[in-house]
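Read off the chains here:
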Amino acid sequence: MDAYIGEFEQLVLLALVRLGDDAYGLSVQREIAARTGRATTFGTVYSTLARLETKGLVESWLGEPTAERGGRRKKHFQINAEGRRAIKQSLRAIRQMARGLDGAVET
Amino acid sequence: MNPPALALWILEHFVVDAMRDGFVGDLVEHYRRDVVPTRGLIAARLWFWRETIFAPLAWPSRSSTPVNAGDGLMSTLAADLRFALRLFARKPGFTALVVLTLALGIGANAAIFSVVNAVLLRPLPYRFADRTALLWNAYDPSGIPPFAVAPPEYFDLKEQLRAYDQVAAISKQSSAIVGDGGEPEQLTAYVVTPNLFDLLGAAPRLGRGFHLDDGDAASERVILLSHALWMRRFGGDSNIVGKKLNIGGRIRTVIGVMPAAVRFPDHPISWLRERADLWIPNSLEASRGEERGNQYLAVLARLREGATPAQATADLGMMRQRFRAAFPDRYASVSAKDWRITSVPLRDQMIGTVRPVLTLLSAAVGLVLMIACVNVANLLLARGQLRQREMAVRLALGAARARLLRQLLTESAVLSVAGGALGLVLARVGVPALVRLDAGTMPMLAETRVDGAVFAFVALVSMLTGIFVGVVPALQQSQAELRGALGEGTHGAGDGRARRRTRTALVTAQVAMALIVLVAAGLLGRSFAALERVQPGFVPDGVMTMQLTLPRVRYDSAYKIMNFAQALRERAAALPGVVEASAVYPLPMAGEGWSGSFWVEGEPSGPNAELPHGEYAVALPGYFHTMRIPLLAGRDFTAADVRGIPKVVIVDETLARKHWGANAQTAVGKRLNPNGDPGDWATVIGVVGHVHSHGPQEAGEAQIYQPMLQRPQTVMAVVVRSGSSPALLAPALRDAAHAVDRDLPVNKMRTMDDVVTSVIARQRFNMLMLAVFAAAALVLATVGLYGVMSYLVSQRTREIGIRIALGGQPSDVRTMVVRESLLIAVTGVVIGTVVSVALSRFVSGLLFGIAATDWTTYGSVALLLLVVSLGAAYGPARRATRIDPVRALRE
């Protein structure tokens, strides 16, 4: 099944690609905030990551607990091959839709 | 730097397992690393709360994946929740009002519940607590007050009772701890028979417990420490076992430390009020032969496994027969005709006195919540009116009634959960304030916390509240009349009348409930005022007190004690700012008592005579004047009233009047025998005013003062009268005591005002709590009345418009509205009064100097509610008179 992905899901997937090995909830939120200026709650980021995981587009594993996190483990996320294909497709669709509309939609 | 604990707790419990560590950990990490440094602590905490609150909102999927596919979190409930939240976000004023009302109601309940939980519900830390009872001597058919037990009586009970398998005894010993390098400190020590903790079922957490031979005279002197003392004095030293301490002048070896929860007596048992710092074992064998009148033990007995209460009663009845047969003078005399041994379950003994108070407070606070609920239900009903069209459209489009009902209940649940969460925050703030309010008179109050049990309680209450406030409006709304609602502008149709009836009934109930709370508060307030009006018999203002215990080992002769008392009194009197100084034991209203029977010369004194009974005290010269106790006849003690000369006493006016007539002067020169030793007569040299020595609520008995210099005591209270603020004298007074004896522990220094205040602290606590609840009830009921009157007026705009158009006078319209409001109030007042009177016997035990059916209180409260109802009707009534008939008819 080719999963449809929403706009915020695109942002999260792209953040995962950018962050590589260092991706977890906090860094994803920061990456999105830094690049798009969009402030989101952790709940939003996490629910999106959870959803992408159930869709089979990202994978996660638990790291070591640290004192800074009050002894809680860190949940790492990584985009998988399925996820890369989904984001490529999605971006291609957007580019194709936008082609030739330079003056009308691009700044 | 730590994030808010409650928010963290909520997250830990509500975030799904798979995400918990990752999600919460990220939040904490971000909070510590970025948010606090950049935004400051307060803004950071707010941020954390915002993230906590929004976490569940963001959780359900917003993508358009089909229901039941994807993450599975999408459900009707989530949809209802989101719908409700959007709805409330659009009406922030309404939402805030509802949430705040509920938060106040739920918060107050949570606060009182945390007290109830700490005091009444948390189990005693003893395995056999339920099988343990206290055995007392009782001379009155009611068994009140209970009297302590003498050592020979204890041995008889221990050896002869069959239904009880263990009997133990405990008595108080004020001991000083010195010689361990620290500042001398007065500790609360109890002398216990070695089997006490076996009987209760408690084992030490460190070291060993008492062995049965630990209390024998020949054994090594040992002690068990409480966890609190171990931590406070010894910093939790793990090598404490085996250490030798100087306790009250004797060297004793520490053999163990009890668990933190064990402070037996954990709650006051009669005169054993303070929680233990340490326990000293004593088998009491040496006291076996003591006089049977020397009653100073509290005796505990554990019911044999499988024994019935009836067996226990029969057993105690048998003891009565045996005691009376063996010692008829003591147990079968005229004054002991009702004598018997009573048993009181340990739990009742410890917390029996606070149960009625907490029950009353719980009931009051429960009523406040109900009143709050009624207001919210009324608000929801009013809002339902505005949503009639929405409901009608949805029904018309085929929505099931159950589905609408469910959505409306979800909405009220969201409101009540928000109210509950805020209420929990209020309780966390309020409980410490509440604990501070009670000056340590309620057992375990200091242990009150907002814990998991309180959280569960709030969750339950919020849920019930949600259903309670939601169900009536939801039922009414989900049955919206299609035709009526869709066809515009038919105000006052049948549907409206039902709604009006519902709201009127709700607000009537509200007035009734407010009356109940107000009456209870009024009764307690008047009772407290009566307590405060009682003249204690002395003038506490300006007096500082210092309670002392001299170690018996060093103060082993009467002369040493007398010299100490004299020297301290002289030093204290010479302090700058001190007007006069003296000493007494026991200090009035400080919680200690001393009483006994005495003989009056010329009155019958044989074994069959009913001897007079009275309160005893010893005093230094100048005590009465220092305390401003009036000397009615004769003279005060002087420094010449010492041992070796004929004994003298001073009696109070009660005793003088009872035995020698109304003229106090006639008592001077009469003789009485205070101690019951044959031939030991003392001459009355003076008569003083009566003192309420146990607090204003107790008139107390006749009083006998003996000169401290003739009857030296190792416990005493120094009293000094200051020209200015007595509390400022504390350091100088302490130094004066240490100048006389360097190693003397001094830690009970209080102004006499504090002593008097703390006796009625419980009553003040009760009154203040109820006053707060009553104020809340009154405000909420007023708001409720106002809301309903406004609603009724708006409902009848058309009718009123027609009346005015047809020539009705504005005053008629006003009267109509006011009459309706009064009708509600009067009905509520009548119902409330009937219920209050029916419940009044539950408060009568908490009142002083006032009847539970005090008509002044009932009358004033009823009047107050009627006035308030007029006030609440005033605004809507004025508005009604200004209705423009033209506009009213066109609408």
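The structure we're discussing is the one just above.
Residues numbered from 1 in each chain as written. Chains lettered and ligands numbered in written order. Predicted model: local features only at pLDDT ≥ 70, side-chain atom pairs only at ≥ 80, totals over all residues. Heavy atoms only, no water.

Undergrad: Honestly, the overall build of chain A in this entry has me stumped. Any pointers?
TA: Each helix and strand counted, chain A has five helices and two strands in total. Along its sequence from the N terminus, chain A presents helices and strands in the succession α-α-α-β-β-α-α. With the C-alpha coordinates of chain A rotated into their principal frame, the extents come out at 55 × 30 × 20 Å. Within the span of chain A, comprising 107 residues, buried residues form 46% of the whole. A separation threshold of at least 6 residues defines the contact pool for chain A, and within that pool the share at least 24 residues apart is 52%. Carbon together with sulfur atoms contributes 51% to the accessible area of chain A, which is approximately 5900 Å² in total. Charge-centre separation for chain A: the mean point of 17 positive side chains lies 1 Å from the mean point of 13 negative side chains. (Helix = DSSP H or I, 4+ residues; strand = E, 2+ residues; numbered from the N terminus. Buried < 20%, exposed > 50% of the residue type's maximum accessible area, 1.4 Å probe, protein only. Contact = heavy atoms within 4.5 Å. Areas by Shrake-Rupley, 256 points an atom, 1.4 Å probe, with all protein chains shown as cover. Lys, Arg positive; Asp, Glu negative; His and termini not counted. Charge placed at Lys NZ, Arg CZ, Asp CG, Glu CD.)

Undergrad: Can you help me understand unusual backbone geometry in this one?
TA: Residue and element names in this part refer to chain B. Going from Phe264 to Pro265, the amide bond is cis rather than trans, its omega being -5°. In this model, Met589 sits at a positive phi of 65°, which is unusual for a non-glycine residue. Mapped onto the fold, Met589 is located in the loop between β12 (578-585) and β13 (595-597). Note on Met589: relative accessible area 6%, which makes it buried. Positive phi values are uncommon outside glycine, yet Arg628 reaches one of about 60°. Take Arg628: its relative accessible area is 34%, and that puts it in the partly exposed class.

Undergrad: What is the right way to look at the side chain of Thr193 of chain B in this model?
TA: Residue and element names in this part refer to chain B. Note that Thr193 resides in the loop between β3 (185-192) and α7 (196-200). Given a relative accessible area of 2%, Thr193 falls into the buried group. Setting aside anything within four residues of it in sequence, one finds Thr193 in contact with Tyr154, Ala168, Ala169, Asn282 and Leu284.

Undergrad: What is the right way to read a positive patch on the surface from this model?
TA: Residues and elements named next belong to chain A. Residues Arg84, Lys88, Arg92, Arg95 and Arg99 make up a contiguous surface patch of positive charge. Structurally, the position occupied by Arg99 is in the loop between α4 (81-98) and α5 (102-105). Owing to a relative accessible area of 64%, Arg99 belongs among the exposed residues under this scheme. (Patch = residues over 30% accessible without salt bridge, like charges linked within 9 Å, V, L, I, M, F, W, Y side chains within 5 Å. Salt bridge = Lys/Arg side-chain N within 4 Å of Asp/Glu carboxyl O.)

Undergrad: For this particular structure, what's the right way to read the interface of chain A and chain B?
TA: A common way to state how big an interface is: give the accessible area lost once the parts meet. Contact with chain A, which involves 25 residues of that partner, is made by 29 residues of chain B. On the chain A side of the contact with chain B, Phe42, Glu68 and Arg72 of chain A bury the most area, a combined 29% of that side's loss. The interface formed by chain A and chain B holds four salt bridges in total. Connecting chain A to chain B are 15 residue pairs in polar contact (both at pLDDT 80 or more). (Buried area = accessible area lost by both parts, 1.4 Å probe. Polar contact = N/O pair within 3.5 Å; in protein donor to acceptor, adjacent residues only side chain to side chain.)

Undergrad: In this structure, what is going on with the pairing of strand β7 (residues 250-257) of chain B? I would like to understand it.
TA: Regular strands show a simple pattern: their side chains alternate between the two faces of the sheet. Residues and elements named next belong to chain B. For β7, the buried fraction is high: six of the eight residues fall into the buried class. Of the pairings in the sheet, the one linking strand β4 (residues 206-207) to β7 comprises two bridges and is antiparallel in character. Paired with Leu206 across the bridge in β7 is Val257. When strand β5 (residues 222-225) meets β7, the two strands line up parallel, connected through four bridges. Residue pairing in the sheet places Val222 in a bridge with Thr253 of β7. Here strand β6 (residues 244-247) pairs with β7 via four bridges, running antiparallel. Residue Lys244 lies in a different strand from β7, and its bridge partner there is Thr253. (Pairing = 2+ DSSP bridges.)

Undergrad: What's the story with the environment of Phe113 of chain B in this structure? I'm lost.
TA: Residues and elements named next belong to chain B. Along the polypeptide, Phe113 turns up in helix α5 (residues 92-121). With 345 residues separating them in the primary sequence, Phe113 and Val458 have C-alpha atoms 9.1 Å apart. Every residue in contact with Phe113, bar those within four places of it in the chain, is listed here: Leu121, Ala453, Val454 and Phe457.

Undergrad: Is there a simple way to think about a nonpolar patch on the surface in this case?
TA: All names here are of chain B. There is a patch of nonpolar side chains on the surface, built from Leu100, Leu104, Leu422, Val425, Leu426 and Val429 and spanning about 500 Å² of accessible area. Breaking the nonpolar patch down by element, the ones donating at least two residues are α5 and α14 (401-437). The leading source of residues in the nonpolar patch is α14, at four residues.

Undergrad: Explain the nonpolar core to me, please; I cannot follow it from the model alone.
TA: Nonpolar side chains in soluble globular proteins tend to be buried together. Core analysis: the biggest nonpolar cluster contains 129 residues, and Phe197, Phe264, Trp279, Leu346 and Phe773 of chain B have the highest contact counts within it. For this core, the leading source of residues is helix α12 (residues 355-386) of chain B, giving 17 residues. Look past the residues within four positions of Leu346 of chain B in its chain and what remains in contact with it is Leu124, Ala129, Thr132, Ala133, Leu134, Leu200, Phe264, Ile269 and Leu300 of chain B. Within the second largest apolar cluster, 41 residues are counted, among which are Phe8, Val12 and Leu49 of chain A together with Ala7 of chain B. (Core = buried A, V, L, I, M, F, W, Y, C linked by side-chain atoms within 4.5 Å.)

Undergrad: So what exactly am I meant to see when it comes to the packing of aromatic side chains here?
TA: For any pair of aromatic rings, geometry is given as the distance between the ring centres together with the angle between the planes. Taken as a whole and assessed by the stated rule, the structure comprises 21 aromatic pairs over all chains. An angle of 80° between the planes, with centres 5.8 Å apart, marks the rings of Tyr126 of chain B and Phe264 of chain B as edge-to-face. With a gap of 138 residues between them, Tyr126 of chain B in the loop between α5 and β1 (132-138) and Phe264 of chain B in the loop between β7 and β8 (278-281) connect regions that are remote in the sequence. For the pair Tyr126 of chain B and Phe264 of chain B, a shared accessibility class is recorded, and that class is buried. Both rings, one in Phe624 of chain B and one in Phe637 of chain B, keep their centres 6.4 Å apart while their planes meet at 45°; by these two values the pair is tilted. Of this pair, Phe624 of chain B sits in helix α19 (residues 623-627) while Phe637 of chain B is found in the loop between β16 (631-634) and β17 (648-652), placing the two residues 13 residues apart along the sequence. There is no split in this pair, since Phe624 of chain B and Phe637 of chain B are both buried. Sitting above the plane of the Tyr24 of chain A ring, Lys74 of chain A keeps its charged end 4.0 Å from the centroid. One residue, Arg302 of chain B, lies across the ring of Phe128 of chain B, its end atom 4.3 Å from the ring centre. (Phe/Tyr/Trp six-rings, centres within 6.5 Å; stacked < 30°, edge-to-face > 60°. Lys NZ or Arg CZ within 6 Å of the ring centre and 35° of its normal.)

All we've got here are geometric facts, nothing functional implied.
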